[in-house]
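The primary structure of each chain is shown beneath.
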Amino acid sequence: MAAPPRTYPAIPSGRQLALLRCHDMPLHFYRYLYDRVGREWHWTAALNLSDTALAERLQSAQTDIHVLNMEGCPAGFFELRLLQGEECRLVHFGLMAHAVGTGLGRWFLGAAIRTAWSHGPRLVSVETCTLDHPAALGLYQKMGFSPVWRREETVTVLSPEARAAVLLR
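Residues numbered from 1 in each chain as written. Predicted model: local features only at pLDDT ≥ 70, side-chain atom pairs only at ≥ 80, totals over all residues. Heavy atoms only, no water.

Our next topic: the packing of aromatic side chains. Going through the model one piece at a time under the given rule, you end up with 10 aromatic pairs. Considering the side-chain rings of Tyr 30 and Tyr 34, the 6.0 Å spacing of their centres and the 25° angle between planes classify their relative orientation as stacked. Of this pair, Tyr 30 and Tyr 34 both sit in helix H1 (residues 27–38), 4 residues apart, roughly one helical turn. Residues Tyr 30 and Tyr 34 agree in their burial class; the two are buried. One aromatic cluster in this structure is built from Phe 78, Phe 93, Trp 107, Phe 108, Tyr 140 and Phe 145. Directly above the ring of Tyr 8 sits Arg 114, whose terminal nitrogen or CZ lies 4.1 Å from the centroid. (Phe/Tyr/Trp six-rings, centres within 6.5 Å; stacked < 30°, edge-to-face > 60°. Helix = DSSP H or I, 4+ residues; strand = E, 2+ residues; numbered from the N terminus. Buried < 20%, exposed > 50% of the residue type's maximum accessible area, 1.4 Å probe, protein only. Lys NZ or Arg CZ within 6 Å of the ring centre and 35° of its normal.)

Okay, here's the thing in structure tokens:
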């Protein structure tokens with residue numbers, strides 16, 4: 001996306017919503033968000049990071065994370081990464097299962113895009129792959145992104161025991 005959208009989706013009415021920027025996020029809370037949003041889509045990469053590597057990423061000035069709360073409970077998150085001042089990349093975006101299908105996705109993606117552009121980049125990009133929600137690519141395109149390359153991913157299996165060991169660290 002080489003220019004900000006002219007308009008952004010309106011916030012849905014009838015729900016108590018809060019979108020909060022995270023500062024000094026505890027590792028266990030990040031892993032919880034990442035797992036709850038990405039489990040069905042086989043997100044495992046960040047779960048395999050050491051505490052040191054994850055802390056470095058979360059504390060980096062190039063990382064910007066926002067958590068969506070619905071009715072007072074976590075419902076999703078997005079993670080932006082600022083790349084060399086020229087690009088802001090949406091590296092993680094999603095809703096938890098209880099928030100999927102509630103009409104929040106388009107607005108929430110618009111909020112992520114608006115936040116990305118607020119950093120003043122030359123362009124905003126998004127990472128997606130063949131493991132993401134089947135509607136993800138279409139939504140990204142409706143919001144103004146254009147595909148530039150394709151990457152096939154394979155499922156990395158994380159056993160329930162390994163997942164529990166990570167999440168209960």
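Picking up after the structure, the text goes on.
Moving on, we come to the layout of surface pockets. Estimated volume of the largest pocket: approximately 860 Å³. Every residue lining the largest pocket is counted, 37 residues in all, and those nearest its centre are Trp 41, Trp 43, Phe 93, Asp 132 and Tyr 140. Broken down by secondary-structure element, the contributors of at least two residues to the lining of the largest pocket are H1, strand E4 (87–95) and helix H4 (136–142). Looking at the lining of the largest pocket residue by residue, the classes come out as 19 nonpolar, 12 polar and 6 charged. Within the residue set of the lining of the second largest pocket, elements represented by two or more residues are E4, strand E5 (123–126) and H4. In the lining of the second largest pocket, the residues fall into 14 nonpolar, 6 polar and 6 charged. (1 Å grid on protein atoms, 1.4 Å probe; cavity = no way out; pocket = protein on both sides within 12 Å on 5 of 7 lines; lining within 4 Å. Points joined across faces, edges and corners; volume = space filled by probe spheres on them. Nonpolar A, V, L, I, M, F, W, Y, C, P; charged D, E, K, R; others polar.)

Attention now moves to the sheet that holds strand E1 (residues 17–21). The strand order across the open sheet formed by 5 strands is E1-E2-E3-E4-E5, and the pairing between neighbours is mixed. The outermost strands of the open sheet, each flanked by one partner alone, are E1 and E5. Neighbouring strand axes in the sheet, compared pairwise and without regard to direction, differ in orientation by 20° on average. Looking at chain direction, strand E3 (residues 73–83) and E4 are connected through 8 bridges and run antiparallel. Paired with Gly 76 across the two strands is Leu 95, which belongs to E4. Where H1 meets the sheet, it contacts strand E2 (63–70), E3 and E4, and its direction lies at approximately 105° from that of E3. Where helix H3 (residues 105–118) meets the sheet, its contacts fall on E1, E2, E3, E4 and E5, and the angle it forms with E4 comes to roughly 155°. (Pairing = 2+ DSSP bridges. Axes fitted to C-alpha atoms, helices over the stretch in contact; angles between N-to-C directions. Contact = heavy atoms within 4.5 Å.)

So, on to H3. Compared with the 20 Å implied by 1.5 Å per residue over 14 residues, the 20 Å span of H3 between its first and last C-alpha is a close match. In terms of burial, H3 is largely enclosed, as 11 of its 14 residues are buried. Among all positions in H3, only Gly 105, Trp 107, Phe 108, Leu 109, Gly 110, Ala 111, Ala 112, Ile 113, Thr 115, Ala 116 and Trp 117 are buried. Looking at the buried positions of H3, the neighbouring elements they touch are E1, E2, E3, E4, E5 and H4. Where H3 ends, the next residue or the one after it, Gly 120, has phi of about 75°, a positive value. (Expected span 1.5 Å × (residues − 1).)

What follows concerns the state of the cysteines. Think of a disulfide as a covalent bridge from one cysteine sulfur atom to another cysteine sulfur atom. According to the stated counting rule, one finds 0 disulfides in the structure shown. Cys 22 provides the cysteine sulfur closest to Cys 73, a residue in no disulfide bond, and the two sulfurs are 15 Å apart. Residue class for Cys 73 comes out partly exposed when judged on its relative accessible area of 43%. Not engaged in a disulfide, the cysteine Cys 88 finds its nearest cysteine sulfur in Cys 22; these two sulfurs lie 15 Å apart. (Disulfide = S-S within 2.5 Å.)

Here the focus is the confidence of the model for the protein chain. Summing up the model confidence of the protein chain, the mean pLDDT is 92 and the portion of residues at 70 or higher is 100%. Per-element averaging of pLDDT across the protein chain places helix H5 (residues 160–167) at the bottom with 86 and E2 at the top with 98. (pLDDT = per-residue confidence, 0-100.)

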